[in-house]
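Report on the structure
This is what each chain is made of:
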6 protein chains.
Amino acid sequence: MFARLLHALTPLTASAHCDLPCGVYDPAQARIEAQSVKATIAKYNASDDEEFRTRAILIKEQRSQLVKEHLWVLWTDYFKPPHFEKYPQLHSLVNEATKLAGAGGTKGSMDEAVADQLLSKIDEIAKIFAETKKA
Amino acid sequence: MFARLLHALTPLTASAHCDLPCGVYDPAQARIEAQSVKATIAKYNASDDEEFRTRAILIKEQRSQLVKEHLWVLWTDYFKPPHFEKYPQLHSLVNEATKLAGAGGTKGSMDEAVADQLLSKIDEIAKIFAETKKA
Amino acid sequence: MFARLLHALTPLTASAHCDLPCGVYDPAQARIEAQSVKATIAKYNASDDEEFRTRAILIKEQRSQLVKEHLWVLWTDYFKPPHFEKYPQLHSLVNEATKLAGAGGTKGSMDEAVADQLLSKIDEIAKIFAETKKA
Amino acid sequence: MFARLLHALTPLTASAHCDLPCGVYDPAQARIEAQSVKATIAKYNASDDEEFRTRAILIKEQRSQLVKEHLWVLWTDYFKPPHFEKYPQLHSLVNEATKLAGAGGTKGSMDEAVADQLLSKIDEIAKIFAETKKA
Amino acid sequence: MFARLLHALTPLTASAHCDLPCGVYDPAQARIEAQSVKATIAKYNASDDEEFRTRAILIKEQRSQLVKEHLWVLWTDYFKPPHFEKYPQLHSLVNEATKLAGAGGTKGSMDEAVADQLLSKIDEIAKIFAETKKA
Amino acid sequence: MFARLLHALTPLTASAHCDLPCGVYDPAQARIEAQSVKATIAKYNASDDEEFRTRAILIKEQRSQLVKEHLWVLWTDYFKPPHFEKYPQLHSLVNEATKLAGAGGTKGSMDEAVADQLLSKIDEIAKIFAETKKA
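Residues numbered from 1 in each chain as written. Chains lettered and ligands numbered in written order. Predicted model: local features only at pLDDT ≥ 70, side-chain atom pairs only at ≥ 80, totals over all residues. Heavy atoms only, no water.

**With respect to the overall build of chain A**
The line we're drawing: Here a strand is any run of E in DSSP of at least two residues, a helix any run of H or I of at least four, and the numbering for each starts at the N terminus. Burial classification: accessible surface area is computed with a 1.4 Å probe over protein chains only, and a residue below 20% of its type maximum counts as buried, one above 50% as exposed, and the rest as partly exposed. Contact criterion: two residues are considered in contact whenever any of their non-hydrogen atoms come within 4.5 Å of each other. Accessible surface is estimated by sampling points in the Shrake-Rupley manner with a 1.4 Å probe; for residues, cover comes only from the protein chains shown.
Within chain A, the secondary structure is distributed over 6 helices and 0 strands. Put simply, chain A runs from its N terminus to its C terminus through helices and strands in the order α-α-α-α-α-α. In chain A, buried positions account for 62% of the 135 residues. Nonlocal contacts in chain A, meaning residues at least 24 apart in sequence, comprise 65% of its contacts between residues at least 6 apart. Per element, the accessible surface of chain A, about 4900 Å² overall, is 54% carbon and sulfur.

**Regarding the relation of the copies chain F and chain B**
Stated precisely, the cut-off is as follows: When the copies are superposed, the least-squares fit takes in the C-alpha atoms of residues with a pLDDT of at least 70 in both.
Here chain F sits on chain B after a turn of 120° about the axis and a move of 0.0 Å along it, with an RMSD of 0.0 Å. Put plainly, the chains are arranged around a three-fold axis.

**Quick word on the pattern of salt bridges**
So the rule is basically this: Basic side-chain nitrogens of Lys or Arg form a salt bridge, by our definition, when they fall within 4 Å of a carboxyl oxygen of Asp or Glu.
Within the structure shown, the criterion is met by 60 salt bridges over all chains. Measuring nitrogen to oxygen at the nearest pair gives 2.9 Å for the salt bridge that ties Arg63(A) to Glu33(A). Of this pair, Arg63(A) sits in helix 3 (residues 50-78) while Glu33(A) sits in helix 2 (residues 28-46), and the two are 30 residues apart along the sequence. Take Glu33(A): its relative accessible area is 3%, and that puts it in the buried class. Among the salt bridges present, the one from Lys121(B) reaches Glu96(B), with a minimum N-O distance of 2.7 Å.

**Comments concerning the environment of Ala135(D)**
All names here are of chain D. Looking at the secondary structure, you find Ala135 in the segment after helix 6 (112-134). In this structure Ala135 comes out as exposed when scored by relative accessible area, which is 84%. As for Ala135 and Phe84, which are separated by 51 residues in sequence, their C-alpha atoms are 14 Å apart.

**Brief notes about the interface of chain F and chain B**
The following threshold applies: Buried area is calculated as the accessible area (1.4 Å probe) missing from two parts once they are joined, with the contributions of both summed. For this analysis, a polar contact is any N or O atom pair within 3.5 Å, provided that within protein one partner can donate a hydrogen and the other can accept it, and provided that sequence-adjacent residues contribute only side-chain to side-chain pairs. Just so you know the grouping, Ala, Val, Leu, Ile, Met, Phe, Trp, Tyr, Cys and Pro go in nonpolar, Asp, Glu, Lys and Arg go in charged, and all remaining residues, Gly too, go in polar.
Each partner contributes residues to the interface: chain F has 5 residues there, and chain B has 9 residues. Area buried by chain F at its contact with chain B is led by Glu51(F), Arg55(F) and Leu58(F), which between them contribute 81% of it. Inspection of the region where chain F meets chain B yields 1 salt bridge. A salt bridge links Arg55(F) to Glu61(B), with the shortest nitrogen-to-oxygen separation between them at 2.7 Å. Counting across the interface, chain F meets chain B through 3 residue pairs in polar contact (both at pLDDT 80 or more). Considering only residue class, the side of chain F that touches chain B consists of 2 nonpolar, 1 polar and 2 charged.

**Section: helix 2 (residues 28-45) of chain D**
Quick reminder of the rule: Helix span, expected: 1.5 Å multiplied by one less than the number of residues in the helix.
The terminal C-alpha atoms of helix 2 of chain D, which comprises 18 residues, lie 26 Å apart, in line with the 26 Å expected from a rise of 1.5 Å per residue. The element helix 2 of chain D is largely enclosed, with a buried count of 13 among its 18 residues.

**What about the packing of helix 2 (residues 28-45) of chain F against helix 6 (residues 112-134) of chain F?**
Residue and element names in this part refer to chain F. Selection criterion: Axis angles are defined between N-to-C directions and span 0 to 180 degrees, where every axis is a line fitted to C-alpha atoms and, for a helix, only to the segment in contact. Each angle receives one of four descriptions, namely roughly parallel if under 35 degrees, roughly antiparallel if over 145, roughly perpendicular if within 65 to 115, and oblique otherwise.
Axis separation between helix 2 and helix 6 bottoms out at 9 Å; the angle between their running directions is 170°. In terms of orientation, helix 2 and helix 6 fall into the roughly antiparallel class. Facing Ala30, Arg31, Ala34, Gln35, Lys38, Ile41 and Ala42 of helix 2, the residues of helix 6 in contact are Glu112, Ala115, Asp116, Leu118, Leu119, Ile122 and Asp123. Along the lines of polarity and charge, the residues of the contact of helix 2 with helix 6 split into 8 nonpolar, 1 polar and 5 charged.

**A word on the packing of aromatic side chains**
To keep things clear, this is the line we draw: For Phe, Tyr and Trp, rings pair up if their centres lie within 6.5 Å, where Trp contributes its six-membered ring, and each pair is then called stacked (planes under 30 degrees apart), edge-to-face (over 60) or tilted (otherwise). In this analysis the charged atom, NZ for Lys or CZ for Arg, is taken to sit over a ring once it is within 6 Å of the ring centre and within 35 degrees of the ring normal.
Under the definition given, this model contains 30 aromatic pairs over all chains. Taking 4.6 Å as the distance between ring centres and 50° as the angle between the ring planes, the aromatic pair formed by Tyr78(C) and Phe129(C) counts as tilted. Here the residue Tyr78(C) occupies a position in helix 3 (residues 50-78), and Phe129(C) occupies one in helix 6 (residues 112-134), the gap between them amounting to 51 residues. For the pair shown, Tyr78(C) and Phe129(C) are each scored as buried. Grouped by ring-pair contacts, the aromatic residues Tyr25(A), Tyr78(A), Phe79(A), Phe84(A) and Phe129(A) constitute a single cluster. In this arrangement the basic side chain of Arg53(F) is found over the ring face of Tyr44(F), its NZ or CZ atom lying 4.1 Å from the centre.

**A look at the side chain of Lys121(A)**
All names here are of chain A. Structurally, Lys121 can be placed in helix 6 (residues 112-134). At 2.7 Å, the side chain of Lys121 and the side chain of Glu96 are in polar contact. Aside from chain neighbours lying at most four places away, what touches Lys121 is Leu93, Glu96, Ala97 and Leu100.

**Focus: helix 5 (residues 90-100) of chain A**
Since the α-helix packs 3.6 residues into each turn, any two residues three or four apart lie on the same face. Burial analysis of helix 5 of chain A places 8 of its 11 residues in the buried class, which makes it a mostly covered element. Turning to helix 5 of chain A, its buried residues number three or more, namely Leu90(A), His91(A), Leu93(A), Val94(A), Asn95(A), Ala97(A), Thr98(A) and Leu100(A). Check the buried side of helix 5 of chain A and you find it contacts helix 3, helix 4 (81-86) and helix 6 of chain A together with helix 3, helix 4 (81-86) and helix 5 (90-100) of chain C.

**Observations concerning the confidence of the model for chain A**
Residues and elements named next belong to chain A. Note the following rule: What pLDDT reports is the predictor's confidence in each residue, on a scale of 0 through 100.
Confidence in the prediction of chain A, expressed as mean pLDDT, is 89, and 87% of residues score 70 or more. Taken as a whole, residues 1-16 scores under 50 in pLDDT and shows 48 contacts with residues more than four places along the chain or in a different chain. Overall fold confidence for the complex sits at a pTM of 0.89, while the interface term, ipTM, reaches 0.87.

**Section: the environment of Lys60(E)**
Assignment of secondary structure puts Lys60(E) in helix 3 (residues 50-78). Reaching out from Lys60(E), the side chain makes a polar contact with the backbone oxygen of Ser109(E) at a distance of 3.0 Å.

**Some words on the state of the cysteines**
Residue and element names in this part refer to chain C. Counted only if it meets this: Throughout, disulfides are identified as pairs of cysteine sulfur atoms within 2.5 Å of each other.
Tallied over the entire structure, the rule returns 0 disulfides over all chains. Of all cysteine sulfurs in the structure, the one in Cys18 sits closest to Cys22, which takes part in no disulfide; the separation is 3.4 Å. Taking relative accessible area as the criterion, Cys22 reaches 6% and is therefore assigned buried.

**Observations concerning unusual backbone geometry**
A cis geometry characterises the amide bond from Leu20(A) onward to Pro21(A), with omega recorded as 5°. Its place among the elements puts Pro21(A) in the loop between helix 1 (2-13) and helix 2.

**Overview of the environment of Gln117(D)**
All names here are of chain D. In this fold, Gln117 is placed in helix 6. Of the residues examined, Gln117 reaches a relative accessible area of 43% and is grouped as partly exposed. Taking the C-alpha atoms as reference points, Gln117 and Ala34, separated by 83 residues in sequence, lie 10 Å from one another.

**Comments concerning the side chain of Thr132(B)**
All names here are of chain B. Along the polypeptide, Thr132 turns up in helix 6 (residues 112-134). For Thr132, a relative accessible area of 10% puts it in the buried group. At 2.6 Å, the side chain of Thr132 forms a polar contact with the backbone oxygen of Phe129.

Laid out in structure tokens, this is it:
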């Protein structure tokens, strides 16, 4: 089932993420890291082990950073001027999403709701991404 | 369409990739990098610009390394002894896949067929992964 | 002289670049890397040693990447909604600057003029940055 | 015993650890990091300074990760199919060793005995490595 | 004003920091990171939020490491034998500065005075650097 | 001679290489990377495959950088003022060794003799290191 879905998905997501560019971009990369951030927050809140909680903070810091990096790559390397014209909110959207993965977002918070806001923003970006791939 | 597929996919791929562990693992991470490797090889072969080809070699080296790292994480952090018992070929499979992303594979080759072999191996791992998630 | 200039400069540039945030941001970080990119291009064009030229390509790749990262940090971590309101061109400006350090810019080119365009864009961002620091 | 083996091993160990491959591999790389993990745990347990203990947790996280990476390189890049045939336990051994440097091992524990188990596993791998170098 | 200072500064600081070498070195890189360390210590001491303080410790660790790396590059890549002859204290000065960014300095301390000592040492190095640039 | 020293050294080398500090330092880390550099140069010179040679250049760049980093750690973190007093040549020795792993050394050269000079310098540092461990 997974394999079938993965295969079904693959042609749609053939886009570019390295800066050759290779032409392979995929918002799933940011989403996977954001899910990790959310799960880490949940585990942190469920634990009262100080060592575990310290590890959770540092891992959340790293994963939030990866969310930012994957979104920056989409913003700079995938999206082109015509996309920004067609979606005038796109600059703000990515800016807000990356802020939500920073000090004012999941880096600085242990509230799962903040991770959910981040995931929603990523989904909005993924929706625009998917539309531009079809165009 | 992409968004719907992504959402359909998400529950299945909610697994662990950081080493808290957060519990979020996804073979798609390795697959995206391997697709990048394949696309980079194609662009290399289609170009006769020496600077571009040098850049392609170094980017392919980095992306092949990421394939290895994502697969190693699955092998060490996601798969557990019962999985290795149920799938006796799993050790060899991951070992061969990571070798296919190394010097004897996509790092050392500019043959797209090698990248296809790597993608096939990743798909075999993804298939086992999907079965263990359902179990 | 340098020390005096450095000191004179310091109060103006006391801003934030890590994501605590510590509050220390400075467009000079991006500029130094861009100067390195420009100097690397010049040395590449002046050399006919194949090994040296290969090294120049890979170092230019790394330094261009650092330019992008420093600019992304300013865009996400330093600039706030009121800045984007006051400077409506700011989103496009940073987007164009980071593109100029990518595949369509200094990563993909051995033309010093491209590095100069990148430096000009960084200076435009630095000018806005300086104005917001005074405000 | 290990020390003696390590000594016997050293002249032989001119082998490969980068993925050219250069042919220079050495289990000492993983062992040095594991010794660092053990020493860090000892210092953590001997201290009641909260800042120091937080630093110890993050350094132990990094060094445990390096143990995993060095062992993965041996498993994928140095060991070949004939080695896995001759030493049928080798896959499990490396898998267990890397797990011992992860969340269920030294990353997730402040027990020196766990670091000792990790060191023992590395010694078992080093013994096989030494035998294959002599063969 | 900032832009003018930056421009005034640039000719003096056109030196080398990557190892092509590109010829662009600048002690400002170490200084910016050290200012970040100092600001992080101040924010740590002003906060009683445990999560924030843990984040401050790990960020201070990273930024102190960057100070060390930027200074090592100056010591090895920029300064040449004639500089060490003319400034016999230069070896000790850089050694002490890098120690001040390590375990016995800002990594291991939450005292702002330690960060100030580090900044002073960097300024001494920057002064010598500026003199060698004029020579 | 070095091999004998290394053997004598090993039991003593439980010392510090991370910056907690954990107390585990070992010049073998720099030596392994330098051996890799030497082997990479030999393979480069024996090959006329352009892709392979490009890969060799980039791997040599990375491994030379690791040599520098391991030596810098010894210089800043392991060696203390009494060592520099007892071995007045130690500053220059480490400075020269790190330069030999840089642009004027193994990064910028494809001459195996340069790698041998680097290895000799590392052996001189290792000899002093061993003496300080016994003291």
